[in-house]
Amino acid sequence: MMSSAYWNEIMERLDEKVTRTISQMGDKCPHFAGEDGKFDDIGSDWWTTGFWPGMLWIMHDMTGKEHYKNAAWRWDEELEQWFIKPTEEMHHDVGFQFLSTAVIKHMITGDKDAFRRGIEAANFLAARYNPAGRFIRAWNGERYGWAIIDCMLNISLLFWASKATGDPRYKHIAIAHAETTMEHGIREDGSTKHILSFDAETGTYIENFGGQGLSAESSWSRGTAWGLYGFINAYRNTGDARFLNTAKRIAHYFIAASPEDYVPYSDFRFESLEGRYRDSSAAAIAASGLLEIAEVVPAGEKGLYAGAAERILRSLTENYATWDYPDHEALLLHGSSSVSAEAEGSLIYGDYYYIEAIAKLNGWKHRIY
Ligand code: GLY
């Protein structure tokens, strides 16, 4: 394991890098950066809106510096506007969007408008629940019966809403969705499926689709990371050992299936790696989740999970980060949004979970997931 001085130094480098990025980023709502290291401006209705402000809130929490807070402040208000616009763009990813804007803002500053917006988003997410199949509907359009592994992170918004209001209904929905995902979305060996399809009328499970992964039989690496992190959160919020064991099973698969430098390709089941891209975001998400598993297991097991997390983070730090490219707005190179992505590049959520994990190694105590 690396010394705390090592992780402390990375936090200092992040302080320098993210401070510089604030002026480079301007008002952009970033998602993807290609070779030139310049992020796109995808629009705040896209599922990734929360990650850049989330990075800023964590940096503010870790350093106390006001410039991070000032840059992060506006985002939950901007996001809220999408609830009244004539669009169908908001869907289950309000979890990702509001946790790292409204919820973290309320946790850190106590802002009452941020609290209201967090609850508004939780109500929206809870309303997507289908009691027949006990799942939260992922997207819009006519895909009424689709649930996806990514939602295991979105349900953190419901766990938060129950704690914040004292109303257990949100938590019951989150638990039901986690149980359904555990039953149909996680295989015996710890690999995961991306899209689960149910009959929305009867709730009967029908089949799964490969989605952003290679195929229905494969294990999309970022989806595997979402599962790992989502189930350890479900355990942290419920104390239910079934969720802990599921998180551990997924973690064991993730660790065993990763390549020598601990950063997976975009799917764990390619027959050949020729022409395939890595996904550094999957590694960052998994590392942050592995640190949570390490927190709750007995002393004799901690090394397995904390060691795996640190090996991933060290590899990202030394082989994938843009320290030597001051013009790059992104932190991590070599992400891929899906197996069929036309190019690899930097993904804002890879940067977010990298910062989150490094903050945890430096004693960060707030948790939104
Ligand atoms: N939540 C969508 C993705 O991971 O790409």
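Here the structure is a predicted model, which means the values were calculated and not measured.

Quick notes on the rules
- Along each chain, the written sequence defines residue order, and numbers are assigned to residues from 1.
- It should be noted that, the model being predicted, local features are given only for residues of pLDDT at least 70 and side-chain atom pairs only at 80 or more, the latter also being counted only at that level, while totals for whole chains, interfaces and linings use all residues.
- Neither water nor hydrogens contribute to the side-chain values; these are computed over all heavy atoms in the structure.
- Throughout, nonpolar core names a set of buried Ala, Val, Leu, Ile, Met, Phe, Trp, Tyr and Cys residues whose side chains join them through atoms within 4.5 Å.
- Only protein chains enter the accessibility calculation, which uses a 1.4 Å probe. A residue is then buried if its area is under 20% of the maximum for its type, exposed if over 50%, and partly exposed in between.
- Two residues qualify as a contact provided that any one of their heavy atoms is within 4.5 Å of a heavy atom in the partner residue.
- Here a strand is any run of E in DSSP of at least two residues, a helix any run of H or I of at least four, and the numbering for each starts at the N terminus.
- Following DSSP output, two strands are said to pair if at least two bridges run between them.
- With axes taken as lines fitted to C-alpha atoms, and helix axes fitted only over the stretch in contact, angles between N-to-C directions fall between 0 and 180 degrees.
- Between Lys or Arg on one side and Asp or Glu on the other, a salt bridge is scored when a side-chain nitrogen of the former is within 4 Å of a carboxyl oxygen of the latter.
- What makes a residue near a molecule or strand is one non-hydrogen atom of that residue sitting within 4 Å of it.
- Think of a polar contact as two N or O atoms within 3.5 Å of one another; within protein, one of them needs to be a possible hydrogen donor and the other a possible acceptor, and neighboring residues in sequence only count if both atoms come from side chains.
- All accessible-area figures derive from a Shrake-Rupley calculation using a 1.4 Å probe, and residue coverage is judged against the displayed protein chains alone.
- The labels follow the angle: roughly parallel below 35 degrees, roughly antiparallel above 145, roughly perpendicular from 65 to 115, and oblique for the rest.
- The sense of a crossing depends on the near helix, which, turned anticlockwise from the far helix by less than a right angle, makes the crossing left-handed and, turned clockwise, makes it right-handed.
- All amino acids are sorted into three groups, where Ala, Val, Leu, Ile, Met, Phe, Trp, Tyr, Cys and Pro are nonpolar, Asp, Glu, Lys and Arg are charged, and the leftover types, Gly among them, are polar.
- Two rings from Phe, Tyr or Trp (for Trp, the six-membered ring) form a pair when their centres sit within 6.5 Å of each other. Planes less than 30 degrees apart are called stacked, planes more than 60 degrees apart edge-to-face, and all others tilted.
- A ring is scored as having a charge over it whenever the NZ atom of a lysine or the CZ atom of an arginine sits within 6 Å of its centre and within 35 degrees of its normal.

Novice: Account for the nonpolar core, with residues named and values stated.
Specialist: Core analysis: the biggest nonpolar cluster contains 109 residues, and L158, L316, Y353, Y354 and Y369 have the highest contact counts within it. Leave out the neighbours within four places in its chain, and L158 touches A122, L125, A126, I136, Y170, K171, I173 and A174.

Novice: Pulling in residues and values, what's your account of unusual backbone geometry?
Specialist: We note that R134 has phi near 60°; this positive angle belongs to a residue other than glycine. Along the chain, the position of R134 falls in the loop between β2 (129-130) and β3 (135-136). Positive phi, normally seen in glycine, also occurs at H334, with a value near 60°. A residue is classified by how much of its surface remains accessible, and H334, at 29% relative accessible area, is partly exposed.

Novice: Report on the sheet that holds strand β6 (residues 205-209), specifying residues and quantitative values.
Specialist: Spatially, β4-β5-β6 is the arrangement adopted by the three strands of the open sheet, whose pairing is antiparallel. Each edge of the sheet is formed by a strand with only one pairing partner; in this case those strands are β4 (146-148) and β6. The sheet shows a mean angle of 25° between the axes of neighbouring strands, taken without regard to direction. Bridge analysis of strand β5 (residues 195-198) against β6 gives four bridges, and the strand direction is antiparallel. Opposite S197, over in β6, you have E207 as the bridge partner.

Novice: Outline the pattern of salt bridges, supporting the account with residue identities and numerical values.
Specialist: For the structure shown, the criterion picks out 24 salt bridges. Here E179 makes a salt bridge to R134, at a shortest N to O gap of 3.0 Å. Taken together, the residues E179 in helix α9 (residues 169-185) and R134 in the loop between β2 and β3 connect sequence positions 45 residues apart. Relative accessible area serves as the criterion here: at 35%, R134 is assigned to the partly exposed category. Through salt bridges with shared partners, one network takes in D76, E80, K105, D113, R116, R117 and E120.

Novice: Go over the environment of F115, please, and point to the residues and values.
Specialist: With respect to the element layout, F115 can be found in helix α6 (residues 112-126). In this structure the C-alpha to C-alpha distance between F115 and I10, which are 105 residues apart in sequence, comes to 32 Å. Setting aside chain neighbours within four positions, we find F115 in contact with H106, W160, A164 and T165.

Novice: Let's hear about the site of the ligand: which residues, and what values?
Specialist: The local shell around the ligand consists of W47, D150, Q212, W220, R222 and W226. The contact in question runs from an oxygen atom of the ligand to an N or O atom on the side chain of Q212, over 2.7 Å. Side-chain polar atom of W226 to an oxygen atom of the ligand: 3.0 Å apart, as the coordinates give it. Bound to the protein, the ligand loses 94% of the 190 Å² it would expose on its own.

Novice: Which residues make up the side chain of R187, and what values go with them?
Specialist: Assignment of secondary structure puts R187 in the loop between α9 and β5. From its side chain, R187 meets the backbone oxygen of A216 in a polar contact 2.8 Å long.

Novice: Which residues make up the environment of Y369, and what values do they have?
Specialist: Assignment of secondary structure puts Y369 in the segment after α14 (348-361). Owing to a relative accessible area of 3%, Y369 belongs among the buried residues under this scheme. Sequence-wise, Y369 and I285 are 84 residues apart; in three dimensions their C-alpha atoms are separated by 11 Å. The contacts of Y369, once residues within four sequence positions are left out, are F51, F96, L99, L153, S156, Y229, N233, R236, Y352, Y353 and E356. Side-chain polar atoms of Y369 contact the side chain of Y353, separated by 3.1 Å.

Novice: Account for the packing of helix α1 (residues 4-25) against helix α2 (residues 51-63), naming residues and giving values.
Specialist: Their axes nearest at 11 Å, the elements α1 and α2 cross at an angle of 135°. Relative to α2, the element α1 lies oblique. For the element pair α1 and α2, the recorded crossing hand is left-handed. Residues M11, L14, D15, V18, T21, I22 and M25 of α1 pack against W52, L56, M59, M62 and T63 of α2. Taken together, the residues of the contact of α1 with α2 sort by class into nine nonpolar, two polar and one charged.

Novice: Please give an account of the side chain of R222 that cites residues and values.
Specialist: The residue R222 is located in helix α10 (residues 221-238) in this model. Side-chain polar atoms of R222 contact the side chain of D279, separated by 2.7 Å. What R222 contacts, discounting residues up to four positions off in sequence, is Q212, D279, S281, A282, I285, S336, S337, L347 and Y349.

Novice: Can you tell me about the packing of aromatic side chains, naming the residues and giving the values?
Specialist: Following the criterion strictly, the structure yields 28 aromatic pairs and no others. Taken together, a centroid distance of 6.1 Å and an interplanar angle of 55° make the contact between W57 and W73 tilted. You can see W57 sitting in helix α2 and its partner W73 sitting in the loop between α3 (66-72) and α4 (75-80), a full 16 residues away along the chain. Residue W57 is classed as buried on the basis of its relative accessible area of 0%. One aromatic cluster is present, formed by W47, F51, F96, W226, Y229, Y349, Y352, Y353 and Y369 through successive ring pairs. When the ring centre of W75 is taken as origin, the NZ or CZ atom of R74, which lies over that ring, is 4.1 Å away. Sitting over the face of the ring of W82, K85 holds its NZ or CZ atom 3.9 Å from the ring centroid.

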